[in-house]
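Topology and contacts: notes
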Amino acid sequence: MSTPTTPPPTAGSDATAAAGRRGSLYPRVALHLAGHPDALLKVGEITRAIGAPSSGAVFEVLKKMAAAGHATHVRDPHHRFQITQAGVDAAAGMPAGVPGSGGRTGSRKPRPAPVARPNGTLYHPRRLGQGWDVEVLHDLRTQKIPVLLYGPPGTGKTAMLEAAFPDLLTVAGTGDTVVDDFLGSYNPIPGGGYEFVHGPLVTAMRDGRPLLVDDATLIPPRVLAVLYPAMDGRGVITIPAHGNEHVQAVDGFYVCAGHNPGVHGAVLTEALASRFTVHLHVSTDWDLARQLGVPKSVIAAAQDLNKDLAAGRVGWAPQLRELLGFVKVRQQLGQATALANLAGIAPEDARDDVVAALARHTGTTITALAVGVR
């Protein structure tokens, strides 16, 4: 197949016309990336997924997409590509029924309104395939398909689930989490004696609520095993400490989990991974960061640091949480202080790299925020 030579399409009818001039390869690549907007994909992965005969031709298409701003190109040292919002919008105008497109029609729902989380902050839904993350999570719960969200801390995994499920219960995982944290335990009562207080897993099963196991891969595997009977077809658990009480899950019960691969001590076992049908990578949404007021120069610095993080050259990079914190600090204390604070919250072993990236992109001399420094 000949290598595409015309420029990448723009949104709408121009995209359709441009895609038609190229043949099927360009839209097949673009639609595949649009279907995995949070994924950073290797050339070979894309080639195999769309059934293209030549990875070289696919690579040329991807480079053209990157040059047009429709994809980001990361070398770590493999060539990886991720679609941008501009690329998603352009792909929306491509013809339906293209091989490898999954029969997409190109129609896209408008962005939903921000969703209030239990703490009162607003969550801004993000693209996921041809829809929005909160809607996809609703569908997964309805179909009883458990999901494991993974990615660096601060990318919005917990926020996404809290926005999607107002009735969410959470178990915060650590290396000290025990079975009682799921099932419950005996607590003292006034006047003497003890009563058994059921844990969040039991409450979620009985009330038909979703349960988030946050930082699940920090929890010892023998403790996590308490979840597995609740997640299989029977949906039944036994509480040995309470007279072998049996608990049956009712409709609406749903299990989701969060995993931070880069956190020290995190271990994703085969037993845990196999219980979750969908593994969803959650990364920082740079387009959303721009919309919420993060300056382009700071985003560029954060993107560089995240590329270095993926390649193992640095140990930390700011994510959406830190970038939104930057916006709040800048509104109250000004840009110079916000930059100093962003450098200061970086771990000490990564601080010099963060300072260098911020200084390079903002043209500002930066030191970590401190009191009493003259």
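All values reported here derive from a predicted model rather than from experimental measurement.

Along its length, the protein chain carries 17 helices and 16 strands. Classification of the 374 residues of the protein chain by burial places 46% in the buried group. At a minimum sequence separation of 6, the contacts of the protein chain that also span at least 24 residues come to 63%. Per element, the accessible surface of the protein chain, about 17700 Å² overall, is 53% carbon and sulfur.

A few words on the sheet that holds strand E2 (residues 71-75). Reading across from one edge, E1-E3-E2 is the order of the 3 strands in this open sheet, with antiparallel pairing throughout. Only two strands of the sheet have a single partner each, and these edge strands are strand E1 (41-42) and E2. With 2 bridges joining them, E1 and strand E3 (residues 79-83) adopt antiparallel strand pairing. Residue pairing across strands places Leu-41 opposite Phe-81, the latter belonging to E3.

Right, let's get into the side chain of Arg-141. Locating Arg-141 in the fold gives a position in helix H6 (residues 133-142). At 3.1 Å, the side chain of Arg-141 and the backbone oxygen of Gly-208 are in polar contact. In this structure, Arg-141 is in contact with Phe-165, Asp-167, Gly-208, Arg-209, Pro-210, Gly-252 and Tyr-254, ignoring residues within four places of it in sequence.

On to the packing of aromatic side chains. Inspection of the entire model under this criterion finds 3 aromatic pairs. A centroid spacing of 6.1 Å and a plane angle of 70° characterise the contact between Phe-59 and Phe-81, whose relative ring orientation is edge-to-face. Taken together, the positions of Phe-59 in helix H4 (residues 55-67) and Phe-81 in strand E3 put the pair 22 residues apart, joining distant regions of the chain. As far as the burial class goes, Phe-59 and Phe-81 line up, both buried. Judged by centre distance (5.1 Å) and plane angle (75°), the rings of Tyr-186 and Phe-196 are edge-to-face. Of this pair, Tyr-186 sits in strand E10 (residues 184-188) while Phe-196 sits in strand E11 (residues 194-198), placing them 10 residues apart in sequence.

Conventions we followed
- Residues numbered from 1 in each chain as written.
- Predicted model: local features only at pLDDT ≥ 70, side-chain atom pairs only at ≥ 80, totals over all residues.
- Heavy atoms only, no water.
- Helix = DSSP H or I, 4+ residues; strand = E, 2+ residues; numbered from the N terminus.
- Buried < 20%, exposed > 50% of the residue type's maximum accessible area, 1.4 Å probe, protein only.
- Contact = heavy atoms within 4.5 Å.
- Areas by Shrake-Rupley, 256 points an atom, 1.4 Å probe, with all protein chains shown as cover.
- Pairing = 2+ DSSP bridges.
- Polar contact = N/O pair within 3.5 Å; in protein donor to acceptor, adjacent residues only side chain to side chain.
- Phe/Tyr/Trp six-rings, centres within 6.5 Å; stacked < 30°, edge-to-face > 60°.

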